[in-house]
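# Examination of the molecular architecture
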Amino acid sequence: MKTFHCNRCSQFVFFENVLCERCNALLGYVPGLTEISAFEDAGEGQWRSLHPRAGGALYRQCDNFAVEQVCNWMIPAASPDTLCAACQLTHTIPDLSEPDNRLYWFRLETAKRRLLYTLASLGLTVESRQSDPDHGLAFEFLEDGGDGARVMTGHDNGLITLNIAEADDAHRERVRSAMGEPYRTLLGHFRHESGHYFFDRLIEGTRWVEPYRERFGDERADYGEALDAYYQNGPPAD
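Report follows, based on the coordinates. No experiment lies behind these values; they were computed from the predicted model shown.

Cut-offs used in this document
- Residues numbered from 1 in each chain as written.
- Predicted model: local features only at pLDDT ≥ 70, side-chain atom pairs only at ≥ 80, totals over all residues.
- Heavy atoms only, no water.
- Patch = residues over 30% accessible without salt bridge, like charges linked within 9 Å, V, L, I, M, F, W, Y side chains within 5 Å.
- Areas by Shrake-Rupley, 256 points an atom, 1.4 Å probe, with all protein chains shown as cover.
- Salt bridge = Lys/Arg side-chain N within 4 Å of Asp/Glu carboxyl O.
- Helix = DSSP H or I, 4+ residues; strand = E, 2+ residues; numbered from the N terminus.
- Buried < 20%, exposed > 50% of the residue type's maximum accessible area, 1.4 Å probe, protein only.
- Pairing = 2+ DSSP bridges.
- Axes fitted to C-alpha atoms, helices over the stretch in contact; angles between N-to-C directions.
- Contact = heavy atoms within 4.5 Å.
- Polar contact = N/O pair within 3.5 Å; in protein donor to acceptor, adjacent residues only side chain to side chain.

### Considerations on a nonpolar patch on the surface
A cluster of nonpolar side chains, namely Met179, Tyr223, Leu227, Tyr230 and Tyr231, defines an oily patch on the protein surface of about 520 Å² accessible area. For the nonpolar patch, the leading source of residues is helix H6 (residues 223-233), giving 4 residues. For Leu227, a relative accessible area of 37% corresponds to the partly exposed category.

This is the structure in structure tokens:
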């Protein structure tokens, strides 16, 4: 992830920042610019971008930015949307009555926004279920049930489910160690599951499917058997 600069005072800032620590300017991400921008208060809930490429355009904070403090993306002031393009993709959030779940939600949304930034840099368009009900992307952040029901992280026809336990650093490290994995991260989960999504959208049924199988393996193989083979023997030598 690249670093950015505050447009008011030139301080180094980062992708997740919401406030410049030097000049106290509001910071927010502008998807149309793929940039973090500094803003000045324009009144009535609107903010004027100070980014040189924005031309003084007015924006509003995503509701999950202004109210829930789990986002830092901005919305054009004229847009009817209350949630930014990233937050619109999340269809199910954790139960916020549970004490730790707000922190887990924040971590999940942070990793998801990093995924979306990377996809944009690769020129990959992400459509929501609202704009494309048949092929749009959606996320559910779920937790294991008290009756022993387990939530499996995975992808199913554009719906990506993540077990919110993966946002607990201690839990994730225990699983990583138990499975002998070199690393295990939230962003890695998002990248992996979105890879399945883009396989369905861009590769399956095209001339690219055979080169894909040569590099990544045959997706038609039995999943359980492939999983067992990987954890018992590691990846193929090539």
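### Some details on the sheet that holds strand E8 (residues 90-92)
Taken in spatial order, the 4 strands of this open sheet run E8-E9-E11-E10, and their pairing is mixed. Strands at the two margins of the open sheet, each flanked by one partner only, are E8 and strand E10 (154-156). Going from strand to strand, the sheet's axes swing by 30° on average, the running direction of each strand aside. One ladder, built from 3 bridges, connects E10 with strand E11 (residues 159-163); its direction is antiparallel. Of the residues in E11, the one forming a bridge with Asp156 is Leu159. Along the sheet face, helix H2 (residues 101-121) touches E8, strand E9 (138-142) and E11 and points at about 155° away from the line of E9.

### Structural notes on helix H3 (residues 169-179)
Near the N-terminus of H3, the side chain that reaches the backbone nitrogen of Ala170, with its oxygen 3.1 Å away, is that of Asp168. Immediately beyond the C-terminal end of H3, within one or two residues, lies Gly180, with a positive phi of roughly 65°.

### Observations concerning the pattern of salt bridges
Under the counting rule described, the total for this entry stands at 16 salt bridges. As a salt-bridge pair, Glu35 and Lys2 come within 3.4 Å of each other at their nearest N and O atoms. Taken together, the residues span a long stretch of sequence, with Glu35 in strand E4 (residues 35-43) and Lys2 in the segment before strand E1 (4-5) at a distance of 33 residues. We classify Glu35 as buried; its relative accessible area is 16%. The residue Glu219 makes a salt bridge to Arg213 at a minimum N-O spacing of 2.7 Å. The exposure class of Arg213 is buried, given its relative accessible area of 16%. Connected via shared salt-bridge partners are Glu210, Arg213, Asp218, Glu219 and Arg220.

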